[in-house]
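# A structural walkthrough
Chain residues, written in single-letter form:
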Amino acid sequence: MAIRPILLHPDPRLKKRCEPVETVDEEIRTLIADMFTTMYDAPGIGLAAPQVGVLRRVLVMDCAKSDEEDPAPIAMVNPEVVWESDDLNVHEEGCLSIPEEFNDVERPAQVRVAYTDAEGTAQEIECDGLLATCVQHEIDHLNGKLFIDYLGPMKRQMITGRMKKRKKEKAAAKGTTAKA
Ligand code: K1U
Ligand code: ZN
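Here we summarise the structure given alongside this text.

### What to know about the pattern of salt bridges
Here the structure, examined in full by the defined rule, presents 11 salt bridges. Between D11 and R13 there is a salt bridge, and its shortest N-O distance comes to 2.9 Å. Judged by its relative accessible area of 9%, D11 falls in the buried class. In this structure, E26 engages R29 in a salt bridge whose closest nitrogen and oxygen atoms are separated by 3.0 Å. In this pair, E26 and R29 are both assigned in helix α1 (residues 26-41), 3 residues apart and thus about one turn of the helix distant. Judged by its relative accessible area of 30%, R29 falls in the partly exposed class.

### Some words on the layout of surface pockets
Counted as a void, the largest pocket has a volume near 980 Å³. The wall of the largest pocket is formed by 38 residues, among which I6, L7, L8, L96 and P99 lie closest to the centre. The set of elements that each furnish at least two residues to the lining of the largest pocket consists of β4 (88-93), α2 (129-142) and α3 (153-174). Here the lining of the largest pocket gets 6 residues from one element, more than from any other, and that element is α2. Tallied by class, the residues present in the lining of the largest pocket amount to 17 nonpolar, 10 polar and 11 charged. Put simply, the second largest pocket is a space of about 180 Å³. Along its surface, the second largest pocket is lined by Y40, P43, G44, I45, D62, A64, K65, S66, D67 and L130. Taken together, the residues of the lining of the second largest pocket break down into 5 nonpolar, 2 polar and 3 charged.

### Details of the site of ligand 1
Neighbouring ligand 1 are 14 residues; I45, G46, Q51, L96 and E138 lie closest to it. I45 is positioned with one of its backbone polar atoms (N or O) 2.8 Å from an oxygen atom of ligand 1. One of the side-chain nitrogen or oxygen atoms of H141 is found 3.4 Å away from an oxygen atom of ligand 1. Relative to its free-state accessible area of 540 Å², ligand 1 is covered by the protein chains to the extent of 76%.

Rules used throughout
Residues numbered from 1 in each chain as written. Chains lettered and ligands numbered in written order. Predicted model: local features only at pLDDT ≥ 70, side-chain atom pairs only at ≥ 80, totals over all residues. Heavy atoms only, no water. Salt bridge = Lys/Arg side-chain N within 4 Å of Asp/Glu carboxyl O. Buried < 20%, exposed > 50% of the residue type's maximum accessible area, 1.4 Å probe, protein only. Helix = DSSP H or I, 4+ residues; strand = E, 2+ residues; numbered from the N terminus. 1 Å grid on protein atoms, 1.4 Å probe; cavity = no way out; pocket = protein on both sides within 12 Å on 5 of 7 lines; lining within 4 Å. Points joined across faces, edges and corners; volume = space filled by probe spheres on them. Nonpolar A, V, L, I, M, F, W, Y, C, P; charged D, E, K, R; others polar. Near = heavy atom within 4 Å. Polar contact = N/O pair within 3.5 Å; in protein donor to acceptor, adjacent residues only side chain to side chain. Areas by Shrake-Rupley, 256 points an atom, 1.4 Å probe, with all protein chains shown as cover.

What follows is the structure, given as structure tokens:
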């Protein structure tokens, strides 16, 4: 189980719609295992495949509330929101591809998601609270959408400007050139 590098915004791969997975095979199971390792190492509560440069419809999450609570890992292949509530919820969101930036985002408070699990079995789950926020954030990644796309253009441009600067500084420290 390997830690894979997480792509940082702006990167054209984070703006692409990802391709569905046809068969949950060993390659997909290795991707899922690596994504859990990468997410826990970051640390984060979710991670989508495009964030590690793989443009397939795969995500992982663990929204367990605290270190005292048992881990609650969930891997989803080809997730689809099949129902969403009319009532909305505002939650502060962060993103491992946009570190150190946090903003409130309004989304449906509850969603029902159909997906295939790591064994290739069809599943359906009803999500609310942080899990509902997180699963919608991760499914957005699979459609090339970032949480900053919900913000006004001024806020979005400010965050993108700060990220470009940080990427340049990081690349300079490593002696490489920042892409995008
Ligand atoms: O998709 C991602 O970039 C992961 C992101 C998921 C997310 C967080 C908050 C609201 C919606 C979606 C993160 O995990 S950011 C890091 C984070 O939230 C966190 C990190 C350590 C402990 C607890 C939370
Ligand atoms: Zn994210």
